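# Examining the three-dimensional arrangement
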Amino acid sequence: MSRYLDPKADVVFKKIFGDHPNLLMSFLNAVLPLSADAPIVELHYLPTEQVPHIPEFKRTIADVKCKDAKGRVFIVEMQMNWTDSFRNRLLFGTSQALVKQLECGEDYHLLQPVYGLGLVAEIYEKTIPEWYHHYQLVKKGDADSDVIEHLQLIFIELPKFPVHSPDEKRLRLLWLRFLREIDEKTKVVSDELLEIPEIAQAIQLTEEAAYTPGELAVYEGY
């Protein structure tokens, strides 16, 4: 019987989403607040280390960073334990990615949206039931009509979302179930997860047999 590894662990998360653009595209289309007429149809990976133009400024390293055919940038971070510094780090990284789109002299209309996705493996908003937290710049008092969409942050509390919810996209819930349910204790995988080809492939990539001794040593450290 296969032994599964936890996809939330750094080495497993990056093997799944950092090496397989088809899986990352399916995942991002499922969980991000993208309009129905503007899904991600193609993407390529970008260097995860963001080096600022000014050497004295701080660098950031993302788990996964990519760009789609429209020029939108997506930064994905997996965090086991919540800290306020995690929110600030994701804000800092997305802001850097927004700024680095333009070279000197380029017009601001060329700017494309940057999405920062933070997946958190613990509950940090303990007084409210909401588990999907979407932040973007809005005009105070007029949030519905005056939105600056170029920088958006999304935080998802993995332990909190309801497995069965008629108001949620099925694919979103299935991808999040994959992250929450698969780990070393998994003996039987839900048929619902296996019916989605991309999720079935991701599950296969969590099998211990897919990892080198060096990768397993890193995993044991996790």
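Residues numbered from 1 in each chain as written. Predicted model: local features only at pLDDT ≥ 70, side-chain atom pairs only at ≥ 80, totals over all residues. Heavy atoms only, no water.

With their axes 8 Å apart at the nearest point, helix α2 (residues 21-31) and helix α4 (residues 170-181) run at an angle of 120 degrees to one another. The angle between α2 and α4 falls in the class oblique. Relative to α4, α2 is oriented so that their crossing is left-handed. Of the residues in α4, those in contact with Leu23, Ser26, Phe27, Ala30 and Val31 of α2 are Leu171, Arg172, Trp175, Leu176 and Leu179. A class-by-class count of the residues in the contact of α2 with α4 yields 8 nonpolar, 1 polar and 1 charged. (Axes fitted to C-alpha atoms, helices over the stretch in contact; angles between N-to-C directions. Helix = DSSP H or I, 4+ residues; strand = E, 2+ residues; numbered from the N terminus. Parallel < 35°, antiparallel > 145°, perpendicular 65-115°, else oblique. Left-handed = near helix turned anticlockwise from the far one by under 90°. Contact = heavy atoms within 4.5 Å. Nonpolar A, V, L, I, M, F, W, Y, C, P; charged D, E, K, R; others polar.)

Before going further, it helps to examine the side chain of His133. Checked against the element boundaries, His133 lands in strand β7 (residues 132-138). Taking relative accessible area as the criterion, His133 reaches 7% and is therefore assigned buried. A polar contact of 3.5 Å, which involves the side chain of His133, links it to the backbone oxygen of Glu130. Leave out the neighbours within four places in its chain, and His133 touches Tyr124, Glu125, Ile128, Leu153, Ile154, Phe155 and Glu157. (Buried < 20%, exposed > 50% of the residue type's maximum accessible area, 1.4 Å probe, protein only. Polar contact = N/O pair within 3.5 Å; in protein donor to acceptor, adjacent residues only side chain to side chain.)

A few words on α4. The end-to-end C-alpha separation of α4 is 16 Å, in line with the 16 Å expected for 12 residues at 1.5 Å each. If you check which residues of α4 are buried, you get Arg172, Leu173, Leu174, Trp175, Leu176, Arg177, Phe178 and Leu179. (Expected span 1.5 Å × (residues − 1).)

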